[in-house]
Each structure stands twice: as structure tokens, then as C-alpha cells.
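Listed below are the residues making up each chain.
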Amino acid sequence: MRITGECHCGEIAFEAELDPEKVGICHCTDCQVTSASAFRTIAMVDAAGFRLMRGTPKTYVKTADSGNQRALTFCGTCGTALYSATTDPEPAVLNLRAGIIDQRHDLPPRYEIWCRSALPWLKPVADTIRYEFQFT
Ligand SMILES: [Zn+2]
Ligand SMILES: [Zn+2]
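Residues numbered from 1 in each chain as written. Chains lettered and ligands numbered in written order. Predicted model: local features only at pLDDT ≥ 70, side-chain atom pairs only at ≥ 80, totals over all residues.

Regarding the overall build of the protein chain
Reasoning step 1: Within the protein chain, the regular secondary structure consists of 1 helix and 11 strands.
Reasoning step 2: The order of helices and strands in the protein chain, counted from the N terminus, is β-β-β-α-β-β-β-β-β-β-β-β.
Reasoning step 3: For 136 residues, the compact-globule formula gives about 14 Å, and the C-alpha radius of gyration of the protein chain, at 14 Å, lands near that figure.
Reasoning step 4: Projected onto the principal axes, the alpha-carbon positions of the protein chain cover approximately 40 × 35 × 25 Å.
Reasoning step 5: Taken over 136 residues, the protein chain has a buried fraction of 29%.
Reasoning step 6: Sequence separation of at least 24 residues holds for 53% of the intrachain contacts in the protein chain that already meet a minimum separation of 6. (Helix = DSSP H or I, 4+ residues; strand = E, 2+ residues; numbered from the N terminus. Rg over C-alpha atoms; globule rule 2.2 N^0.38 Å. Buried ≥ 20, exposed ≤ 12 C-beta atoms within 10 Å, placed from the backbone. Contact = placed C-beta atoms within 7 Å.)

Notes on the sheet that holds strand β1 (residues 2–6)
Hydrogen bonding along the main chain pairs the strands of a sheet, whether they run parallel or antiparallel.
Reasoning step 1: The strand order across the open sheet built from 3 strands is β1-β2-β5, with neighbouring strands paired in antiparallel fashion. Edge positions in the sheet fall to β1 and β5 (50–54), since each has one partner strand and no second. When the angles between neighbouring strand axes are averaged without regard to direction, this sheet yields 20°. (Pairing = 2+ DSSP bridges. Axes fitted to C-alpha atoms, helices over the stretch in contact; angles between N-to-C directions.)

Section: the pairing of β5
Reasoning step 1: Buried residues are scarce in β5, accounting for 0 of its 5 residues.
Reasoning step 2: Bridge count for strand β2 (residues 13–17) against β5 is 4 bridges, and the pairing is antiparallel. Following the sheet pairing, E15 is matched in β5 by R51.

Remarks on the pairing of β2
Reasoning step 1: Only one face of β2 is buried, namely the one carrying F14 and A16, since none of A13, E15 and E17 on the opposite face is buried.
Reasoning step 2: Summarising the sheet, β1 and β2 pair through 5 bridges and their orientation is antiparallel. Following the sheet pairing, E6 is matched in β2 by A13.
Reasoning step 3: Linking β1 back to β2 in an antiparallel pair, the connection comprises 6 residues, with G10 at a positive phi of about 90°.

Some words on the sheet that holds strand β3 (residues 23–26)
Reasoning step 1: Pairing in this open sheet of 8 strands is mixed, and the strands run β6-β7-β8-β9-β4-β3-β10-β11 from one edge to the other. On the outer flanks of this sheet lie β6 (58–63) and β11 (129–130), each paired with one strand and no other.
Reasoning step 2: In this structure, strand β8 (residues 81–85) lies alongside strand β9 (residues 93–97), joined through 2 bridges in antiparallel fashion. Paired with Y83 across the bridge in β9 is L96.

Some details on unusual backbone geometry
Leaving glycine out, the prevailing phi sign among residues is negative, and the prevailing peptide bond configuration is trans.
Reasoning step 1: The residue A36 is not glycine, and still its phi comes out positive at about 55°.
Reasoning step 2: Among the secondary structure elements, A36 is positioned in the loop between α1 (29–34) and β4 (40–46).
Reasoning step 3: A positive phi angle, close to 55°, is found at W114, a residue other than glycine.
Reasoning step 4: By secondary structure assignment, the location of W114 is in the loop between β10 (111–113) and β11.

Side note on the nonpolar core
Reasoning step 1: In this structure, C26, A43, L82 and L96 are the most contacted members of the largest nonpolar core, which totals 29 residues.
Reasoning step 2: When contributions to this core are tallied by element, the ones reaching two or more residues are β2, β3, β4, β7 (69–74), β8 and β9.
Reasoning step 3: Ignoring anything within four residues of it in the chain, the contact list for A43 reads L18, K22, V23, L96, A98, I101 and L107. (Core = buried A, V, L, I, M, F, W, Y, C linked by C-beta atoms within 7 Å.)

Next comes the structure, spelled out in C-alpha cells:
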């Protein structure tokens, strides 16, 4: 499915090809902090199908407890999170932030990952497959 989106201030805009089965929720503690929210909704898209239409995003590289590095991309003006990826200069997959997708109303999450660190007052969101950790 073809999707579009932009950051809050409009400086960054993009298009992508997306598989609705690959929309989910991440409960990891890094997502809680970097999204400043209870969890993050993500959509895994092939980088080959992602096109930046406008703007130049900024990137912050975070190091997880495991030592793994992830590049978090966001709008440097309004701070809207855009996607994360490996630190490879040409990553294969982007974890797009589902909240910035114009068609997000039609993209319910299919899975939840890192449920072991989900906030205790949260109930399972919907008809999702739940994983304690990452995908196995
Ligand atoms: Zn912006
Ligand atoms: Zn996460």
C-alpha cells in the first residue's frame, strides 16, 4: 500500500510502499524514552520503497544495552520522529514511525514486541501477536 506523511512543521515529507502486516508496537524502554510516550507504533518498510519528498532530516545514534547501535532520524526543526534504521549508510529497512503516516487510521498494529517492558497499566492493545522480546 502506498502511504504518505510529513512532520509536524511540514519541513519533511515522504512517500513509501508499506505492507500493513508489518505495522506494530514496540514497548522497549528506549522507545518509551525517545518517543516520550508509553510505547511507539512502527511500520517496517523497505528503504528501496521509501522516498524523501522534502527536507533534510537529522540523525541521532543511540547505543542499546546490548551494544547495538540504531540511527534515529527526526525533523531538526519540530522534533517529530521519522524512522530508525541500522547505522549502515544504506540500510535495507526503515522502522517508520506510524504516527506520522497520513493513512494511520487504516493501519492497526498486528504485533507487539518487548512486552516484558510494557508499562504495567497498559492492556494488550488489540488483536496483536505479543512477543516478550524481539521477534524470534
Ligand atoms: Zn518538522
Ligand atoms: Zn523499541
